[in-house]
Every structure is written in C-alpha cells, then in structure tokens.
Amino acid sequence: MSPPDQDRPLEGIAWMFLSGLSFVAVNATVRHLGTDLPAAESAFIRFAYGLLFLLPSLVAVLRNGVPRAAVRLVLGRGALHTMAVILWFFAMARIPLAEVTAIGYLNPIVVTVGAALFLGERIALRRVLAIAVALIGALVVLRPGLREIVPGHFAQLGAATCFGLSYIIAKRLSAMFSASAMVALLSLTVSLGLVPFAAAVWVTPTTAQMFWLAVVALFATFGHYSMGRAFAAAPVTVTQPVIFLQLVWATILGALAFGEAVDPFVLLGGGMIIGAITYITFREARLRRRVTAPAPEAANL
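Computed from a prediction, not measured in an experiment: that's the story for all the values here. (Residues numbered from 1 in each chain as written. Predicted model: local features only at pLDDT ≥ 70, side-chain atom pairs only at ≥ 80, totals over all residues. Heavy atoms only, no water.)

What to know about the overall build of the chain
Here is step 1: When helices and strands are counted, the chain shows 13 helices and zero strands.
Here is step 2: Each helix and strand of the chain, ordered N terminal to C terminal, gives the series α-α-α-α-α-α-α-α-α-α-α-α-α.
Here is step 3: Radius of gyration (C-alpha) of the chain: 20 Å, near the 19 Å computed for a compact globule of 301 residues.
Here is step 4: Summarising its shape, the C-alpha atoms of the chain cover approximately 70 × 55 × 35 Å along the three principal directions.
Here is step 5: Out of the 301 residues belonging to the chain, those deemed buried represent 46%.
Here is step 6: Sequence-distant contacts in the chain: of pairs separated by 6 or more residues, those separated by 24 or more amount to 91%.
Here is step 7: For the chain, the exposed surface amounts to about 15,200 Å²; the carbon and sulfur share of it is 70%. (Helix = DSSP H or I, 4+ residues; strand = E, 2+ residues; numbered from the N terminus. Rg over C-alpha atoms; globule rule 2.2 N^0.38 Å. Buried < 20%, exposed > 50% of the residue type's maximum accessible area, 1.4 Å probe, protein only. Contact = heavy atoms within 4.5 Å. Areas by Shrake-Rupley, 256 points an atom, 1.4 Å probe, with all protein chains shown as cover.)

Below is the structure:
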C-alpha cells in the first residue's frame, strides 16, 4: 500500500509527464544549438545559470557547513557529473534525439549494477535477466556491425555510465542532505569542475546562444522539480512507465524539427530498456513491501 502522501497516482503521472516534456525540450534546445559552441563551454554556461537559480539553497548549505565525511562524496559526485555533462552535450549535438534518449535509459541499469559492486546490494537472478534484456536493448539501438557507430554514440554511453555512478553517490548523500541541498552542491561542484575544460576551448558566445542555454537551464530545473513532485505524489512503480513517453516525444520532435528519420530499432531497443527498468522497479517495490509489512503473528497486536 502506498504511503498516505503518495496516494495521488493521477497527479504523479501528470507531473512525470511534464518532467518528460521538459527534458525533451532540453534535448531539443541543445540539438538546436548544434556544434558552434564546444560541449564543455555549453555545459559550463548551462550549469552557471542553474547555480544562479539555486543560489539561495546553496547559501543555506554553505552556512550550515558540509560534514567532513561528505566532502569526498560531494567532490566525487561532482567530478563524475562533470564528465557526464560534457559527454552528454557532445552526444546531443551529433546523434538523433531519439538515440540520445534511448541510450540515456541505461542510467538506472548502471545504478543497479554499481549498487551491487560498490554498495554490496544483492542482485537476484530475475534482476540479472532484466539487466541482460536492457543491454540487449542497447545493442538493438546501436546495432554495431550493421551501421557506423560514431563518437556521439560512445559519448552518450559514457554519459549514461557517469550519470549512473553519480546517482549511486547521491544515494549515499541523501542520508546527509536534503534534496535541494544536494542539487545546490552538485551545481556548485559541476560549475567549478567545468571551468578548466570550458576555459581551454572558450569561444565567445553570441547573445542568442546565451539565451538558448538559459532556456536549457530553465527546462532542466523545471524537469527535476516536476520529477520530485511526481515521486512525492505517487510511487515510482506508477510513474516509471511514463518515462518511456520521452522516447516517443523525442522521436516525433526529431522528425518534425530536425528531419531525423524515425528508426523502429531505436524504439524497440528503447522499449526493451525501459521495460527492464520498469520490471526492476516493480520488483524492488514488492520486496520493500514485504520487508515493511507486519509479521502475521503481529497483525492483531
């Protein structure tokens, strides 16, 4: 049974729907910007805007201080996220929207495997099979040997891996900080981490480019906000399947706005990945219910 504060499934679905649209808008805007600005510079400007949006939360966190035990985790997550966003911006400008979206679905798979390797969590056989299905789905999207695999594909695979590892650290940090504090610290560390990479390739941006990167930051911030509202309104098992719609929107937008061909293999592979993720999510939810449910003999106490 869902907690009382998570008993609003329609609201949760609506917020997750808005979150998906926001992230597709982020992808489309970065795609529109193209390759005129280096990936590291685009990422730096986007996070600098985000840092401005989150300045009140950041000031509060720094005023309270960061526990010594958390410093290495915060810096480690910042380093991983820095590499992830550089690779993501590089991929986004070079491969179709639908392919970026489908490959990005591998993030939770990386989290699941990483949690087993680094946090000691057990992976049952069913989850191993679901991970295998997701990896096969990634091969369906990429189709190595049947078509050319370009640097953008490798960049997005690297981004998905780095994002996944970053989320594993976030799981540890969630016991030490609020969600808003974690986002503020992430924006600070990523902005600082991107400085040397952006400075090394700096090209003076135009007013239009600065505007569009501000739009990226706004949509990304709203996307994360909407996702948080979705998780607060309904269990993940309810909202998770809605994420697949991102691939549908990305495919439609890529075809209409950028003339990208609709690739049925990308839809199939993306569907396999999100199906595996949804299965893992449902399994974890069922296991949590078993753990938290009262024992039969205690039910009448």
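On we go from here.
A word on helix 6 (residues 107-118)
Here is step 1: With 12 residues, helix 6 should reach 16 Å at 1.5 Å per residue; the first-to-last C-alpha distance of 16 Å fits that figure.
Here is step 2: Within the sequence span of helix 6, burial applies to Asn107, Ile109, Val110, Thr112, Gly114 and Ala115.
Here is step 3: Immediately downstream of helix 6, the backbone of Gly120 shows phi near 75 degrees, a positive value. (Expected span 1.5 Å × (residues − 1).)

Regarding the pattern of salt bridges
Here is step 1: Here the structure, examined in full by the defined rule, presents five salt bridges.
Here is step 2: Glu11 is the salt-bridge partner of Arg8, the closest N and O atoms lying 2.8 Å from each other.
Here is step 3: On the accessibility criterion, Arg8 (34% relative accessible area) is partly exposed.
Here is step 4: In this structure, a network of salt bridges that share partners links the residues Arg8, Glu11 and Arg229. (Salt bridge = Lys/Arg side-chain N within 4 Å of Asp/Glu carboxyl O.)

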